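Notes for the structure review
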Amino acid sequence: MKLSIVSAALVCFLCVVGFGGGGALKSGSAGTAAQGGQAPKDEYKLSTDSKKDKAKSLPVTFSHVNHSTKNYSIDGTKQIACVECHHTDQPAAEAAKHPPLKTAYPADRTVTLTAETAKDPKTPDVDNCRACHAQAGDKPKLLAENPKVTYEGDTDPTVLDNEEAYHRNCNSCHDQAVEARKGLKIPTSQECLKCHTGQ
């Protein structure tokens, strides 16, 4: 049981933790191991090197193990699929079903990342968020520039730098969960300091 929990936690953590360099998750026959052979932690500190006002951008403690092993889906009935955060870790045809997302990495990817497929050494590595969504002013490792998307109802494209990508992903999921499950006690996009605690 512990091995399956650790494996599930490991396969999904890099997009959400994206605070490091361009490290990749490596697949292996005995499960998965992070680059350098380090096991994933249950919690990660996000926003530790924010380029914004430090008083407003306090670090966020993120529980990857909870988000990857508990019933944290929007309706609260199932676990979050790995590709809900690791959106590039599925074939392009699948990613295109969830606009505005459209990118698969690698481009010829044929397998969707799950806790099971991550155990297969043929499954492509998982890069962290900053591999594509660098901090504002920085160049991402895998792209010429940070992705841009024009959201429905907007006329100008939004640059999906690291901060924008995190906030859109985390906030939209939390806001939808609170809307779907009245009385749910999780931070929303209007309660910044409930996540940005500095703890």
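Residues numbered from 1 in each chain as written. Predicted model: local features only at pLDDT ≥ 70, side-chain atom pairs only at ≥ 80, totals over all residues. Heavy atoms only, no water.

Each helix and strand counted, the protein chain has 5 helices and 7 strands in total. Counting every position in the protein chain, which comprises 199 residues, the buried fraction comes to 37%. The contacts in the protein chain between residues at least 6 apart in sequence include a share of 50% that link residues at least 24 apart. With an accessible surface of roughly 11400 Å², the protein chain has 56% of that area assigned to carbon and sulfur atoms. (Helix = DSSP H or I, 4+ residues; strand = E, 2+ residues; numbered from the N terminus. Buried < 20%, exposed > 50% of the residue type's maximum accessible area, 1.4 Å probe, protein only. Contact = heavy atoms within 4.5 Å. Areas by Shrake-Rupley, 256 points an atom, 1.4 Å probe, with all protein chains shown as cover.)

On any regular strand, side chains alternate: one points to one face of the sheet, the next to the other face. Taking every second residue as pointing to the same face, the buried face of strand 3 (residues 43-46) carries Y44 and L46, while none of E43 and K45 on the other face is buried. Here strand 3 pairs with strand 4 (residues 60-63) via 4 bridges, running antiparallel. Following the sheet pairing, L46 is matched in strand 4 by V60. (Pairing = 2+ DSSP bridges.)

A few words now on the pattern of salt bridges. Counting across every chain of the model gives 10 salt bridges. One salt bridge connects R109 with D89, and the closest N-O pair in it is separated by 3.4 Å. Within this pair, whereas R109 is found in the loop between helix 3 (92-95) and strand 5 (126-127), its partner D89 is found in the loop between helix 2 (64-69) and helix 3, the two being separated by 20 residues in sequence. The class of R109 is buried, set by a relative accessible area of 4%. As a salt-bridge pair, K182 and E179 come within 3.1 Å of each other at their nearest N and O atoms. (Salt bridge = Lys/Arg side-chain N within 4 Å of Asp/Glu carboxyl O.)

Next up on the list: the nonpolar core. Listed in full, the 6 residues of the largest apolar core are Y44, L46, V60, F62, C129 and Y166. Elements with a contribution of two residues or more to this core: strand 3 and strand 4. (Core = buried A, V, L, I, M, F, W, Y, C linked by side-chain atoms within 4.5 Å.)

A word on helix 4 (residues 162-180). Between its first and last C-alpha atoms helix 4 spans 27 Å; for 19 residues at 1.5 Å apiece the expected length is 27 Å, and the two agree. For helix 4, every residue scored as buried is listed here: N162, A165, Y166, H174 and A177. Each buried residue of helix 4 lies within a common arc of 130° when the element is viewed along its axis, so the set occupies one face. Two to three positions downstream of the cap, the backbone nitrogen of E163 sits 3.2 Å from a side-chain oxygen, assigning the N-cap of helix 4 to D161. (Expected span 1.5 Å × (residues − 1). Arc of directions from axis to C-beta. Polar contact = N/O pair within 3.5 Å; in protein donor to acceptor, adjacent residues only side chain to side chain.)

A few words on the confidence of the model for the protein chain. Scored by pLDDT, the protein chain comes out at a mean of 79, with 79% of its residues at no less than 70. Averaged over each element, pLDDT in the protein chain is lowest for strand 2 (residues 31-34) (36) and highest for strand 7 (residues 158-159) (94). Counting contacts from residues 1-39, a segment whose pLDDT is below 50, to residues more than four positions away or on other chains yields 106 contacts. (pLDDT = per-residue confidence, 0-100.)

Moving on to the side chain of T158. Relative to the assigned elements, T158 resides in strand 7. Other than its neighbours up to four places away in sequence, T158 contacts P147, K148, V149, Y151, E164 and R168.

Residues P99 and P100 are joined by a peptide bond in cis, for which omega reads 10°. Each neighbour pair has its own omega, and for Y105 with P106 the value is -10°, a cis peptide bond. Summarising the element assignment, P106 is placed in the loop between helix 3 and strand 5. Even without glycine at this site, S47 takes up a positive phi of about 60°. As for its placement among the helices and strands, S47 is situated in the loop between strand 3 and strand 4. For S47, a relative accessible area of 22% gives the class partly exposed.

What follows deals with the state of the cysteines. By the definition in use, this model includes 0 disulfides. Of all cysteine sulfurs in the structure, the one in C129 sits closest to C132, which takes part in no disulfide; the separation is 8.7 Å. A relative accessible area of 13% means that C132 is categorised as buried. (Disulfide = S-S within 2.5 Å.)

Quick look at the environment of A92 now. Structurally, A92 is set in helix 3. Overall, A92 belongs to the partly exposed group, its relative accessible area being 32%. Sequence separation between A92 and T103 is 11 residues, and the spatial gap between their C-alpha atoms is 6.0 Å.

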